[in-house]
Amino acid sequence: MKNFTITGVKPSDFLEEFADGLKQTFTERGYNFEENTDNEIRVVFNLIDSEKPRPFRRKAQATFVISILEVDSINDNTFETAYPYLIRSLANHLIYVLHKGDTTELYFISPEQGFYRMEYSNGQDFYNQVYNRLEPIASAQLVIDNEFVEDLGDTLWEGNEITYKLRDSGKKLDEMDLLPAPFPLETYLSERDMRQLKKLYGIGGLSYGNLSSRHDHKDFWMSASGIDKSNMKRIGQDILYIKGYNPTKNTMEISIPPKVTPKRASVDAIEHWMIYREHPDVGAIVHVHAWMEDIEATEVNYPCGTLQLAEAVADLVKKAPDPSRAVIGLKNHGLTITGHDLDDIFERIDGKIIRQVPMN
């Protein structure tokens, strides 16, 4: 299904021109424009207002919503000013249009803190660039649903040496200042919006960084989504036992103890699963919102939790001189680092981490 719509508040003269350019370009590239927003739609451009940024109510999880907000005021930190509008409008992506005198800048922002800039020009080359930025991520396949089964062996209900090491490593990430606090979604969203967010994105909080460690030849332990990684305690809530990926149901399969209300798996679980499956020598994986010099990186900033990002990262791991000790950059996002174990990873990155991720 390749269709799209443009909806939301009444556009200004500028946004009307911008929307017309988007409509023409997506139509020329094979997308069908839908007037009726009640239909199932793949891509939605939602024009929002800064006072009441109303979400577009999706009919399906696969709908990719791009909120567009136009402002004239300039702030010291554009990202911090713009990011809450992405969350409040329940969008997969935000285009933040900032008028600065004679120029107009467009900032593209993702939930994973991707953040890059383009200068506006009313020409087809510009709209082609916008299309090339947005279409690959808008058409990507999310793998964020979980299937929980209460079949974890009782000897693992309190964890084991591997989960103890995961806990220690989470504390270590915090000591390295690589764990931004979970984003306070409840500050910006109503209870209804929170329910919608959990249903459509499969998340209950936005936090950055995760860790995993192999249990055996096919299963692995991984930090859960939206938790404080520096204080992981309970099996089935803070630390999850990942059994695999079910391509028929498009879900991650997770084993939990009985009578536990589980936290959701990190959206990066599909990426970790793919790497462990292809590389038996990989014993642990760490993902952080940071950077290192002289590394290979993905070319498209696919959203976390998509099959396409998992495949792109796994492919770069495969091409690395030593896949079991690779450092892969995720464009506009962060790093995925493989190692023989967690200690191996931390020894290799010590003193080499750059806190600021380059955005382009």
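The following refers to the structure shown. Since this is a predicted model, take the numbers as computed values, not measurements. (Residues numbered from 1 in each chain as written. Predicted model: local features only at pLDDT ≥ 70, side-chain atom pairs only at ≥ 80, totals over all residues. Heavy atoms only, no water.)

1. Observations concerning helix H1 (residues 13-28)
Item 1. Counted at 1.5 Å a residue, the expected span for H1 with its 16 residues is 22 Å, and the 23 Å between its end C-alpha atoms agrees.
Item 2. Among all positions of H1, only Phe14, Leu15, Phe18, Ala19, Gly21, Leu22, Thr25 and Phe26 are buried. An end-on view of H1 places all buried positions within 160° of arc, on one side of the element. Along H1, the residues that are exposed and aim more than 90 degrees away from the buried face are Asp13 and Glu28.
Item 3. Buried residues along H1 sit against strand E1 (3-8), strand E3 (43-47), strand E4 (64-71), strand E5 (93-100), strand E6 (103-109) and helix H3 (124-138). (Helix = DSSP H or I, 4+ residues; strand = E, 2+ residues; numbered from the N terminus. Expected span 1.5 Å × (residues − 1). Buried < 20%, exposed > 50% of the residue type's maximum accessible area, 1.4 Å probe, protein only. Arc of directions from axis to C-beta. Contact = heavy atoms within 4.5 Å.)

2. Notes on the side chain of Arg58
Item 1. Looking at the secondary structure, you find Arg58 in the loop between E3 and E4.
Item 2. Among the polar contacts made by the side chain of Arg58, one reaches the main-chain carbonyl oxygen of Thr63 at a distance of 3.3 Å. (Polar contact = N/O pair within 3.5 Å; in protein donor to acceptor, adjacent residues only side chain to side chain.)

3. Some points on the environment of Arg58
Item 1. The exposure class assigned to Arg58 is buried, which follows from its relative accessible area of 8%.
Item 2. Distance in space between the C-alpha atoms of Arg58 and Glu161 is 43 Å, their sequence separation being 103 residues.
Item 3. Polar side-chain contacts of Arg58 include one of 2.9 Å to the side chain of Asn92.

4. Points about the side chain of Ser255
Item 1. By the secondary structure assignment, Ser255 is in strand E12 (residues 251-255).
Item 2. Judged by relative accessible area, Ser255 falls into the buried class, the value being 4%.
Item 3. At 3.0 Å, the side chain of Ser255 and the backbone nitrogen of Leu152 are in polar contact.
Item 4. Among all residues touching Ser255, those that are not within four sequence positions of it are Val149, Asp151, Leu152, Tyr241 and Lys243.

5. Quick look at the packing of aromatic side chains
Item 1. According to the stated counting rule, one finds 21 aromatic pairs in the structure shown.
Item 2. Ring geometry for Phe26 versus Phe45: centroids 5.3 Å apart, planes at 80°, classification edge-to-face. You can see Phe26 sitting in helix H1 and its partner Phe45 sitting in strand E3, a full 19 residues away along the chain.
Item 3. Residue Phe45 is classed as buried on the basis of its relative accessible area of 0%.
Item 4. Directly above the ring of Phe33 sits Lys23, whose terminal nitrogen or CZ lies 4.2 Å from the centroid.
Item 5. Taking NZ or CZ as reference, Lys172 lies 5.1 Å from the ring centre of Phe346, over its face. (Phe/Tyr/Trp six-rings, centres within 6.5 Å; stacked < 30°, edge-to-face > 60°. Lys NZ or Arg CZ within 6 Å of the ring centre and 35° of its normal.)

6. Points about the pattern of salt bridges
Item 1. The final tally for this structure, using the stated rule, is 12 salt bridges.
Item 2. Among the ionic pairs, Lys100 bridges to Glu105, the shortest N-O distance being 3.4 Å.
Item 3. We classify Lys100 as partly exposed; its relative accessible area is 30%.
Item 4. Among the ionic pairs, Glu147 bridges to Lys249, the shortest N-O distance being 3.3 Å. (Salt bridge = Lys/Arg side-chain N within 4 Å of Asp/Glu carboxyl O.)

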